[in-house]
Structure formats: structure tokens, C-alpha cells
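Listed here are the chains, written in short residue letters.
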Amino acid sequence: MSGELDAAGTAIEGALLGAAVEPSQGGTVAEGTGACLNCGATLSGPYCAVCGQKAHVHRTLSAIWHDILHSALHFDGKMWRTLPMLLFKPGELTRRYVLGERAKFVSPMALFLFSIFLMFAVFSFSGGSAVQNNWQRGAQEEAAKLDKEIAATETRLSKPAELKPGEDKELTAKLNELKMERNGIAFATTGAPIYDEAGVRSSDGGKRWLSYNSKAETGWLWLDQTLDKGAKKMVSNPSLAFYKLQSNGYKFAWLLIPLSLPFVWLVTIGVRGHRFYDHAVFATYSIAFMSLLFLSITLMSRIGLDDSFWGLAFVLIPPIHIYKQLRHAYGLSRGSAMLRAILLLLFIVIVVSLFAMTLLFLGLLG
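Residues numbered from 1 in each chain as written. Predicted model: local features only at pLDDT ≥ 70, side-chain atom pairs only at ≥ 80, totals over all residues. Heavy atoms only, no water.

1. Examining the overall build of the protein
Heads up, the rule is: To qualify as a helix, a DSSP run of H or I must reach at least 4 residues; to qualify as a strand, a run of E must reach at least 2; elements of each kind are numbered from the N terminus. Three exposure classes are used, based on accessible area relative to the maximum for each residue type with a 1.4 Å probe and protein chains only: buried under 20%, partly exposed in between, and exposed over 50%. Throughout, a residue-residue contact means that at least one pair of heavy atoms, one from each residue, lies within 4.5 Å. Each accessible area is a Shrake-Rupley result for a 1.4 Å probe, and residues are judged covered by the shown protein chains and nothing else.
Per the secondary structure count, the protein includes 13 helices and two strands. By residue count, 39% of the 366 residues in the protein fall in the buried class. Residue pairs in contact within the protein that sit at least 24 positions apart in sequence constitute 61% of those at least 6 positions apart. Surface summary for the protein: the accessible area is close to 21200 Å², and the carbon and sulfur share equals 64%.

Following this line, the structure appears as C-alpha cells:
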């Protein structure tokens, strides 16, 4: 229960962080008269012309909760103008924001923060992402299949009189193979073997015991010791290691933005009139959309929607969205936008790989 409460708190925290970086223009309050309570300047409207504070201030407890919900769900009402455009017209949203229409829409960073923290909260409540849940379900099904085969093989070996000459050796070898595979699944899911005598399958086809005996060789003793210590912890408790990697994924999700910038720049070479700021807006809105898409897919999988449906959606929607955003944000022709979208999709694989390597390195550092 504490995890769910932490998740809820984190979601609200993300919304408030988003609201903190979000410009406040566009909201409406009553006209102010008299003097500003903050700086003393004469008021001539809903905001102070000197310090920007609202003319109307509150001192009620209910207003505190209103502020929290307002920040979490509305962003001064701009969320409901931004989300439809992010979904259906991402390129137009990017272009209009870059060209100066800031008061109408949620800023890219605010939307990014909100989506990341909301994704963390939902995954905590629902028990993990769609990918994680499918992997766990597949592991459970494979484990059940192996357990059945192991039991059947052991039953046959318990009746030597019914075996052909030499069949006992074949069944013993098969049983050891099955136990090694079963240990591999148990090791990945719980960090402990089921059959101590069997070990787990190694990359060279042999048998490897559940231990970490390698030594890092980076040239820095302190780093070698830190990496070795982290690797031993990950091997001894993979479930905890996976949780830490997932937590680091939320904490360092912002790294996706600087990692993406050089590749967005490469994709848009030859398109004049755009700066790195424009690329940053493009990348941040795109990452926010992908986060919300991943969140939606997870929710659909949790309510029992067919895997083939949301799997197809995850394959088709991102390329189409990237194509539309590229075309309209940078004013490209259909052919140019399509070629650049394909190239950007290839670069995304590199970005995700670099991000995953960074998370793994951070996990090894503890």
C-alpha cells in the first residue's frame, strides 16, 4: 500500500513541478483594484504590472486543495487545448509553440514532467508496464511448462524397468538440461535457483553457477570496485536490480532530451530557419507523447484488451506520429518527411540503447 501512496504522491509532485515550469499566462481572474499586496504598486488588472502577482489572493484551506487539483489536472486549462493537438496535430503544435504561441499551450517541459510522473504512478498502481507484465506472464508460462516436463522426466526415470538400454542416460541428460533452463527463469525472476545441482545455462552452452566472479578493468581502482560491487548485487537479487533500474528510468528520463537533440539535428539537416531550441521543443513534445502512449497501452493491457491490438498500435502509431510532427513542424514535403521519419526511427533505437546503457551503468554504481 505504501508503494501506491508513494506513486500517488509522485504523480501530484510531477504535476506541481510541471506547473512550476509552466508559464501562467492565459488564466483569468477578476480585475484588481487598489494596491498589490506583494510590492505595493497600483493595480490596473488581474495581475500586478510590476511583479506579476495575481490581484486576488486566498487564505482558505479549500483553496489549497483547489490549487493542487488545478495544477495536477488543468495547467490553467491549457492541458485540454494541448493534448488534442499533441495527438492529432503534433507538428502544428510544435511549430506554433516555437513561433511564440506560448500562452495557449502547455510547455513541452511541463507536459514531459507530468507524463513521466503520471506514468510512474500508474505503473506502480497497475503492477508494471505492459512490456514488464508480458515478460512476467511469459516467464510464468515457460516455468510451468518446464516444471511439467521435469516432473514427467523424473517419473520416467523412477521406473527403470520400463526404460530401453541407454535411455536412462539420455533422460538424465535431458533432466539436467531442463533444470538448467528452469534455474535460468528462477534466477531472472527471484534471484535464487530451484535446483542447486544444475546451475544455469551460460552463453557458451555450458553450465554456470549463480555467482559473479568477473572483475571490471576500467583503469580506475575505485570505479572497478564500485562496478564489481554493483554487479554482485544485481546478480544476487535481479528483482531488486530491475526495480532500481526502473526507478532510475523515471529519475533520469530527462536524459532522453539531450540524447535526442543531435539526432533530430542530423535528421533536419538542409531545413533552414530552425535552431536547437526548435529541435528541443520537437524532441520534448515527442517524448511526452510516447510516454502517454506507452501509458495508454499499459492501461489497455491491464483491462484485458487483446495483445495483438495494442501491440499493433505500438508498432504503427509512433512512426505515423513522428512523420506528422516532422512534416508540419519543419514544413517538409510528404516524401522528405517520410525519409527523415524513417531515419529518425533508426536513430531512436540508438538513443534508447544509449539511455539503457546509462541506466545500467547507474545501476552498477549503486
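2. Some words on the confidence of the model for the protein
Where we set the bar: Note on scores: pLDDT gives the predictor's confidence for each residue, bounded by 0 and 100.
For the protein, per-residue confidence averages 75 on the pLDDT scale, and 64% of positions sit at 70 or higher. Mean pLDDT across the elements of the protein bottoms out in strand E2 (residues 207–208) (46) and peaks in helix H4 (residues 90–98) (95). Scored below 50 in pLDDT, residues 25–30 shows seven contacts in the model against residues more than four places distant or in partner chains. Counting interchain partners and residues more than four positions distant, the pLDDT-below-50 stretch residues 202–213 has 25 contacts.

3. Observations regarding a nonpolar patch on the surface
Heads up, the condition is: Exposure above 30% relative accessible area and the absence of a salt bridge qualify a residue for a patch, where like charges join within 9 Å and nonpolar side chains (Val, Leu, Ile, Met, Phe, Trp, Tyr) within 5 Å. Should a side-chain nitrogen of Lys or Arg be within 4 Å of a carboxyl oxygen of Asp or Glu, the pair is scored as a salt bridge.
A cluster of nonpolar side chains, contributed by Met338, Leu339, Ile342, Leu343 and Leu346, occupies part of the molecular surface with about 500 Å² of accessible area. Along the chain, methionine 338 turns up in helix H13 (residues 334–364). For methionine 338, a relative accessible area of 48% translates into the label partly exposed.

4. Some remarks on the nonpolar core
Just so we agree on the cut-off: Take the buried residues of types Ala, Val, Leu, Ile, Met, Phe, Trp, Tyr and Cys, join any two whose side-chain atoms come within 4.5 Å, and each joined set is a nonpolar core.
Counting residues in hydrophobic clusters, the biggest one holds 53 residues, and the most contacted among them are Tyr285, Leu326, Tyr330 and Leu344. At the level of elements, helix H3 (79–88), H4, helix H5 (108–126), helix H10 (256–267), helix H11 (276–302), helix H12 (307–330) and H13 are the ones that each hand at least two residues to this core.

5. Side note on the packing of H10 against H11
Spelled out, the test is: Every angle, taken between N-to-C directions, lies between 0 and 180 degrees, and every axis is a line fitted to C-alpha atoms, over only the stretch in contact when it is a helix. Here the angle decides the label: under 35 degrees means roughly parallel, over 145 means roughly antiparallel, 65 to 115 means roughly perpendicular, and every other value means oblique. In a left-handed crossing the near helix is turned counterclockwise from the far helix by less than a right angle, and in a right-handed crossing that turn is clockwise. In this classification, the charged set is Asp, Glu, Lys and Arg, the nonpolar set is Ala, Val, Leu, Ile, Met, Phe, Trp, Tyr, Cys and Pro, and all remaining amino acids, among them Gly, are polar.
Relative to each other, H10 and H11 sit at 120 degrees, their axes nearing to 9 Å. Here H10 lies oblique to H11, going by the angle between them. For the element pair H10 and H11, the recorded crossing hand is right-handed. The segment H10 lies against H11, with Leu256, Ile257, Ser260, Leu261, Val264 and Trp265 engaging Phe276, His279, Ala280, Phe282, Ala283, Thr284 and Ile287. Classifying every residue of the contact of H10 with H11 gives ten nonpolar, three polar and no charged.

6. Looking at the pattern of salt bridges
On inspection of all chains with the given rule, the structure shows four salt bridges. Residue glutamate 92 is joined to arginine 96 by a salt bridge in which the shortest nitrogen-to-oxygen separation is 3.2 Å. In this pair, glutamate 92 and arginine 96 both sit in helix H4, four residues apart, roughly one turn of the helix. A residue is classified by how much of its surface remains accessible, and glutamate 92, at 22% relative accessible area, is partly exposed. Taking the relative accessible area as the measure of exposure, arginine 96 reaches 19% and is therefore buried. Across the pair glutamate 101 and arginine 96 runs a salt bridge, and its minimum N-O distance is 2.8 Å. Take glutamate 101: its relative accessible area is 27%, and that puts it in the partly exposed class.

7. Description of the state of the cysteines
Rules: When two cysteine sulfur atoms are found within 2.5 Å, that pair is recorded as a disulfide.
With the rule as written, the count across this model stands at zero disulfides. You can see cysteine 39 has no disulfide; the closest cysteine sulfur is in cysteine 48, sitting 3.6 Å from it. For cysteine 39, a relative accessible area of 39% puts it in the partly exposed group. Residue classification places cysteine 48 among the buried positions, given a relative accessible area of 5%.

8. Considering the packing of aromatic side chains
Counted only if it meets this: The criterion for an aromatic pair is that two Phe, Tyr or Trp rings (for Trp, the six-membered ring) have centres within 6.5 Å, with stacked assigned to planes under 30 degrees apart, edge-to-face to planes over 60 apart and tilted to the rest. Whether a charge sits over a ring depends on NZ of Lys or CZ of Arg being within 6 Å of the ring centre and within 35 degrees of the ring normal.
What the rule picks out here adds up to four aromatic pairs. Taking 5.6 Å as the distance between ring centres and 50 degrees as the angle between the ring planes, the aromatic pair formed by phenylalanine 282 and tyrosine 330 counts as tilted. Of this pair, phenylalanine 282 sits in helix H11 while tyrosine 330 sits in helix H12, placing them 48 residues apart in sequence. Take phenylalanine 282: its relative accessible area is 2%, and that puts it in the buried class. Overall, tyrosine 330 belongs to the buried group, its relative accessible area being 7%. One residue, arginine 102, lies across the ring of tyrosine 97, its end atom 4.8 Å from the ring centre.

9. Structural notes on H4
What sets the pattern is the α-helix's 3.6 residues per turn: residues three or four places apart point alike. Here H4 lies mainly inside the structure; seven of its nine residues are buried. All of the buried residues along H4 are Pro90, Gly91, Leu93, Thr94, Arg96, Tyr97 and Val98.

10. Notes on the packing of H3 against H11
Running from N to C, H3 and H11 cross one another at 90 degrees; their axes reach a closest spacing of 11 Å. As judged from the angle between their axes, H3 and H11 are roughly perpendicular. Contacts between H3 and H11 involve Thr82, Leu83, Leu86 and Leu87 from the first element and Tyr285, Phe289 and Leu292 from the second. Looking at the contact of H3 with H11 residue by residue, the class counts come to six nonpolar, one polar and no charged.

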